[in-house]
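A structural walkthrough
As a plain string of letters, each chain reads:
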Amino acid sequence: MTRQRETVEVDPVLFRAVYDSPASLPGRERWVTPEHDVRRIEKLLGMPARSIGAPLWVSGDEPDCPKCGRRMTWLDIVSSALHGVHEPAMIARVILGDRRYVNTEVPDAIPGVHCVDCRTPIAGLRSFKCHNWAYAFEALETVVERMSGMVHEPTGPRPRTP
């Protein structure tokens, strides 16, 4: 009998005590999503530039795409999740928000991930997380509103400050 995968919210104190260290991630290797992929995630989600400032960790046994050799990152996970799994605002809330989620079992692999460049299915990723403990709730809401088009930045030249 296999357990159904379930994601549950956990208390921030418990999350930090158990899950804060990258060493807690399953798999042989652990790495951080590079800056250029973080900026691509922002564009993919329709977020204002430089909204994501936290390290985005990934772990697994096979970190590179078997077809094109690209190092798998949060970009591949986010791109895959946007294909019928999660809405952009939900992903933004996970990355920028103050609520922490964990899966109730250690997966053999993160299901449904494809390489963002060549679309090859990826089976070697085991876990992903971010360390964004201090993001202001008001700033998060502003980002999500901008993503949905509810808040528009002024166009044209900015007023000069004295």
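Look a little higher up for the structure.
Residues numbered from 1 in each chain as written. Predicted model: local features only at pLDDT ≥ 70, side-chain atom pairs only at ≥ 80, totals over all residues. Heavy atoms only, no water.

1. Details of the side chain of E42
Applied cut-off: Every helix listed is a DSSP run of H or I at least four residues long, and every strand listed is a run of E at least two residues long, numbered separately from the N terminus. Here a polar contact is recorded for every N or O atom pair within 3.5 Å, except that within protein the pair must consist of a potential hydrogen donor and a potential acceptor, and residues adjacent in sequence are included only if both atoms are side-chain atoms. The contact rule is simple, with two residues in contact once any of their heavy atoms fall within 4.5 Å.
Within the secondary structure, E42 is located in helix α2 (residues 35-45). A distance of 2.8 Å separates the side chain of E42 from the backbone nitrogen of I52, its partner in a polar contact. Dropping the residues within four chain positions of it, E42 is found in contact with M47, P48, A49, R50, S51 and I52.

2. Quick word on the nonpolar core
Short version of the rule: For our purposes a nonpolar core is just a set of buried Ala, Val, Leu, Ile, Met, Phe, Trp, Tyr and Cys residues, chained together by side-chain atoms within 4.5 Å. Burial classification: accessible surface area is computed with a 1.4 Å probe over protein chains only, and a residue below 20% of its type maximum counts as buried, one above 50% as exposed, and the rest as partly exposed.
Core analysis: the largest hydrophobic core is formed by 27 residues, its most contacted members being I41, L45, I52, L56, W74, I95 and L125. Of all the secondary-structure elements, those providing two or more residues to this core are α2, β3 (56-60), α3 (74-81), α4 (88-96) and β5 (125-130). By residue number, the principal contributor to this core is α3, which donates 5 residues.

3. Focus on unusual backbone geometry
For R50, which is not glycine, the phi dihedral falls at a positive 70 degrees. Assignment of secondary structure puts R50 in the loop between α2 and β3. Positive phi is not limited to glycine here, since R119 has a value of about 65 degrees. Within the secondary structure layout, R119 lies in the loop between β4 (100-103) and β5.

4. A short note on the environment of P26
Locating P26 in the fold gives a position in the loop between α1 (12-19) and β2 (29-32). Accessibility expressed as a relative area gives 18% for P26, which makes it buried. Spatially, the C-alpha atom of P26 lies 9.4 Å from that of F128, the residues being 102 residues apart in sequence.

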